[in-house]
Amino acid sequence: MDKIIILDENTSNQIAAGEVIERPASVVKELVENSIDAGADTIKIEISKGGISLIKVTDNGRGIPADDVEMAFERHGTSKLRNAGDLLGIRTMGFRGEALPSIASISKVDLNTSTGDNGVRIIITGGNIDGKQKSSREQGTTITVRNLFFNTPARYKFLKNDSTEARYCTDIISRLALAHTKVSFRYFSNGVEILRTPGDGNLKNAVFCVYGREISSNLYEINYEDEIFMIWGFIGNRSATRGNRQNQTTFINGRYIKSARVSAAVEKAYETEIMKGKFPFFIINIALDPKLVDVNVHPAKSEVRFAKGNEVFSAVHSAVKAALNINRGIVAGAVKQAHIKREIDYGEVRPGTENATFFSDSNDNTSINPETSRILHESFMDVKDAFYGMKEETETTPVVKDEPFKTGFNIDVLDKGKFFGILFNTFIMLGIDEFEIILIDQHAAHERITYESLLRRFKNRELNSQMLLAPQVIGLEPSEAIIAEESGKLLNDLGFEFDFIGAKDIALRAVPAEIIEKDAEEVFRGAVLAIAENSNTEHMLMEKEAIYTMACKSSIKANTVLTELEANTLIERLKSLDNPYTCPHGRPVIIKLTRRELEKLFKRIV
């Protein structure tokens, strides 16, 4: 083994830079957060060639005292902490004193700062001071970073092309701008203005600036406060879902973080509301006592550790669930997928959502009026006891009960509707008045009815079985036989009774009461397959997937001929559901089509 030595300061700084500064976006994040900590309410960011060539951040904050400028570039030189105890209550974005020395060690830095009385300019190359002089600039700070990683070629070669690095910068700036809506941001890339926010404290305006009108008009507000948390922001409706989690943003006390726990809580609330494989759009702001969250667990401060992680899960889940329940409704026939203006995200630290947005117009129906806010809060309180109450931090996702939820807003159009007929032996048509018709997907409706019935009976251990007229002999594949044997108790709890009559053959003797005999084999195989595909998930989720599949396999299909009596019976059962709007997989059950939409299709109006 070679002799152990102490690395020189320059090498140590470059190693630290590798931990903190991964790419130009990391530099942008650290510098902008310093500006926010300095109290700036106007921040201008400029980058060239993805930030590799140039990053320039200008603010009107308090500035750095002339005597402290050199110390700011010393490792662990910080004005935000005084001792280790302060780590238990971090209220600033930065605190370690690592960012500036790390940046300076791998680039050419020009810092021009003033407290209003005395200004100073300092130039540093590769961690070494090249010059220092007085400055006449107004209060605030301008820091220019050039030629990033010029002396660390190993790190430079891992950077992406300029456009990709610019996108990373755009992403982080957008998140910071929406986390701090009282700060006006202006952002330029290669001389072109990419983003500008008003800094008026209104999250809705900031969302508009980042995402555009289509996304901002497809959002529901969440707004809750209790003895531990304040939770607010926006969640997207079905038109704002995406195929990945890129548009999921979480802020803790104004700090953008990546939290699998929060994402899981939101996605749990959306269960059966959106299609499988789609992910909800959300901006979740959580404010809590800094002593209940540790932000010093990740080099880039992008992950945190909660002292009450299960309570966070439960509170977020309940807040989102309440907002979804209050905003459920029928999908419009002409609904379109909302498009995002740019591939960027957002956030905030205490809103002004009660103010009218200066971007709104008469067609923007997303403003939250006081009555809706009151109902939203009451809805949260109704579900709070059911969903909120986990006491200890664990590594697993808390189990959340799916209690029935009645908002009083369930649709009454099913009562008003007059049966018109069945289109393509698939869609039940109801006429509401001379201006609207309702289309009901008979399969999706029956699937939701069966799912809720099976799930309710399963939870209450009331899932009755019905004996088949004669046992059905089913030949299973080897893998199916293994699952059926290992999951025998779960399958029995789901209402199946069977015996093995060979290595791979079973005699199916009974099925859940909701299942008709001709579907028995298909439903049993579906349940076995669902258990197999979800064997690595939590037990509760595996059970639900099995029930999803059973409901789907046993429901009437498209092209099944229904009589008017059967259709009306289906509608009556649909009216009694907690959620008659989507099937268990998140597809719409009911769609509204207006006379105006039909007239536009026929070009009677344009």
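Bear in mind the structure is a predicted one, so any value in this text is a computation, not a measurement. (Residues numbered from 1 in each chain as written. Predicted model: local features only at pLDDT ≥ 70, side-chain atom pairs only at ≥ 80, totals over all residues. Heavy atoms only, no water.)

> For this particular structure, what's the right way to read the packing of helix α13 (residues 442-459) against helix α18 (residues 564-575)?
Packed helices, taken two at a time, are described by the angle their axes make and the gap between the axes. Closest axis-to-axis distance for the α13/α18 pair is 10 Å, and the angle between their directions is 45°. One element, α13, and the other, α18, form an angle in the oblique class. Here α13 and α18 pass one another in a crossing that is left-handed. Judged by residue contacts, Gln442, Ala445, His446 and Ile449 of α13 engage Leu570, Arg573 and Leu574 from α18. (Axes fitted to C-alpha atoms, helices over the stretch in contact; angles between N-to-C directions. Helix = DSSP H or I, 4+ residues; strand = E, 2+ residues; numbered from the N terminus. Parallel < 35°, antiparallel > 145°, perpendicular 65-115°, else oblique. Left-handed = near helix turned anticlockwise from the far one by under 90°. Contact = heavy atoms within 4.5 Å.)

> So what exactly am I meant to see when it comes to helix α7 (residues 203-211) here?
Residues lying three or four places apart along an α-helix face the same way, a consequence of the helix completing one turn every 3.6 residues. Taken across its 9 residues, α7 has 9 buried, putting it largely inside the fold. Restricting attention to buried positions, one finds in α7 the residues Leu203, Lys204, Asn205, Ala206, Val207, Phe208, Cys209, Val210 and Tyr211. Looking at the buried side of α7, the elements it contacts are α6 (162-179), β8 (192-196), α8 (213-216), β9 (219-225), β10 (230-236) and β13 (282-287). The residue sitting at the N-terminus of α7 and contributing the capping side-chain oxygen is asparagine 202; that oxygen lies 2.9 Å from the backbone nitrogen of lysine 204. (Buried < 20%, exposed > 50% of the residue type's maximum accessible area, 1.4 Å probe, protein only. Polar contact = N/O pair within 3.5 Å; in protein donor to acceptor, adjacent residues only side chain to side chain.)

> When you look at the sheet that holds strand β12 (residues 255-257) in this model, what are you seeing that I'm missing?
Strand-to-strand pairing in sheets goes through backbone hydrogen bonds, with the strands running parallel or antiparallel. Taken in spatial order, the 5 strands line up as β9-β10-β13-β11-β12 in an open sheet, and their pairing is mixed. Each edge of the open sheet is held by one strand with a lone partner, namely β9 and β12. Strand after strand, the sheet turns through a mean of 15° between neighbouring axes, direction not considered. Summarising the sheet, β9 and β10 pair through 7 bridges and their orientation is antiparallel. Directly across from tyrosine 224, in β10, lies its bridge partner isoleucine 231. The strands that α6 touches are β11 (248-252) and β12; relative to β11, the one it contacts most, it runs at about 50°. The strands that α7 touches are β9, β10 and β13; relative to β10, the one it contacts most, it runs at about 35°. (Pairing = 2+ DSSP bridges.)

> Looking at this structure, I do not really get the sheet that holds β8. What am I missing?
Spatially, the 8 strands line up as an open sheet ordered β5-β4-β3-β6-β2-β1-β7-β8, and their pairing is mixed. Single-partner strands in this sheet number two, and they are β5 (128-135) and β8. Across the sheet, the axes of successive neighbouring strands diverge by a mean angle of 10°, strand direction being ignored. Two elements, strand β1 (residues 42-48) and strand β2 (residues 54-59), share 6 bridges in a ladder whose sense is antiparallel. Its bridge partner being in β2, isoleucine 45 is matched across the sheet by valine 57. The sheet strands contacting α6 are β1, β7 (184-189) and β8, and the helix crosses β7 at an angle near 175°.

> Would you take a moment to explain the environment of leucine 31 for this structure?
Summarising the element assignment, leucine 31 is placed in helix α2 (residues 24-37). A relative accessible area of 4% means that leucine 31 is categorised as buried. With 69 residues separating them along the chain, leucine 31 and leucine 100 place their C-alpha atoms 8.2 Å apart. Sequence-distant contacts of leucine 31, that is, excluding residues within four places in its chain, are made with Ile55, Val57, Leu100, Ile103, Ile143 and Val145.

> Any chance you could explain the pairing of β11 here in plain terms?
Within a regular strand, the side chains alternate between the two sheet faces. Burial analysis of β11 places 5 of its 5 residues in the buried class, the great majority of the element. The two faces of β11 match: Gln248, Thr250 and Ile252 on one face and Thr249 and Phe251 on the other face are all buried. Of the pairings in the sheet, the one linking β11 to β13 comprises 5 bridges and is parallel in character. What sits directly across from phenylalanine 251, in β13, is asparagine 285. Where β11 meets β12, 3 bridges bridge the pair, whose relative direction is antiparallel.

> Can you help me understand the side chain of serine 555 in this one?
Summarising the element assignment, serine 555 is placed in the loop between α17 (539-554) and α18. Overall, the relative accessible area of 3% leaves serine 555 in the buried class. Within the structure, serine 555 has its side chain in polar contact with the backbone oxygen of alanine 551 (distance 2.4 Å). The contact partners of serine 555, leaving out residues within four places of it in the chain, are His443, His446, Glu447 and Thr450.

> Help me understand the pairing of strand β6 (residues 140-146), please; the structure alone is not making it clear to me.
Of all 7 residues that make up β6, 6 are buried, and the element is covered over most of its length. Here 6 bridges tie β2 to β6, and the two strands are oriented antiparallel to one another. Bridge pairing in β6 places leucine 54 opposite arginine 146. One ladder, built from 7 bridges, connects strand β3 (residues 108-114) with β6; its direction is antiparallel. Each bridged residue has a counterpart across the sheet, and for lysine 108 the counterpart in β6 is arginine 146.

> Looking at this structure, how should I read the nonpolar core?
One finds Val28, Leu31, Val32, Ile43, Ile45 and Phe73 to be the most contacted residues of the largest nonpolar core, which totals 58 residues. Per element, the largest residue contribution to this core is 8 residues, and it comes from α6. (Core = buried A, V, L, I, M, F, W, Y, C linked by side-chain atoms within 4.5 Å.)

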